[in-house]
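Analysis of the macromolecular model
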Amino acid sequence: MADPEKQKDILTRLSDAGEEALSRVASSQATTKLMDSVGSMRERLEDMQRKVRGLDALEQRVASLEKRVDELSKPKRTTTRSRASTARKTTGTSSPRTSRQTPES
């Protein structure tokens, strides 16, 4: 088989090459831009999550307001009738028929 020292030497070289490659990637401007973009994307995602959570409360408020509008837009027949009957009673106090008297009577 292979000599243990040669195998160590190959593993050491491979390890060194990997470390060198990682250090090049880490010091690259493209990597810096990528990391900045990922960080800002995370912040935007958190903002969107907060806004979406707030939508549930708004939907509940809109639903309750729609119910109120529906209730208010329904015609109330009992209120309209009572107002009409009240108006008739108050206007009939001095009618022209009772104030006229005919000389024949």
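Residues numbered from 1 in each chain as written. Predicted model: local features only at pLDDT ≥ 70, side-chain atom pairs only at ≥ 80, totals over all residues. Heavy atoms only, no water.

Focus on the overall build of the protein chain
Note the threshold: Runs of E in the DSSP output that reach at least two residues are strands. Runs of H or I that reach at least four are helices, and both are numbered from the N terminus. Relative accessibility thresholds used throughout: buried, under 20% of the residue-type maximum; exposed, over 50%; partly exposed, between the two (1.4 Å probe, protein chains only). Areas reported as accessible are Shrake-Rupley estimates using a 1.4 Å probe. Residue values count occlusion only from the protein chains shown.
Counting secondary structure elements, the protein chain contains 4 helices and 0 strands. Element order for the protein chain, N to C, with α for helix and β for strand: α-α-α-α. The buried share among the 105 residues of the protein chain stands at 0%. If you sum the accessible surface of the protein chain, you get close to 10700 Å²; carbon and sulfur atoms cover 56% of it.

As for the pattern of salt bridges
It is possible for side chains of opposite charge to pair when their charged atoms get near one another. Put simply, the rule is: Counted as salt bridges are all cases of a side-chain nitrogen of Lys or Arg within 4 Å of a carboxyl oxygen of Asp or Glu.
Following the criterion strictly, the structure yields 3 salt bridges and no others. Residue Arg 24 is joined to Glu 20 by a salt bridge in which the shortest nitrogen-to-oxygen separation is 2.5 Å. Highlighted residues: Arg 24 and Glu 20, both in helix H1 (residues 4-27), separated by 4 residues, approximately one helical turn. When the shortest N-O distance is used, the salt bridge between Asp 47 and Arg 50 registers 2.7 Å. With a gap of 3 residues between them, Asp 47 and Arg 50 both fall in helix H2 (residues 29-73), about one helical turn apart. A relative accessible area of 35% means that Asp 47 is categorised as partly exposed.

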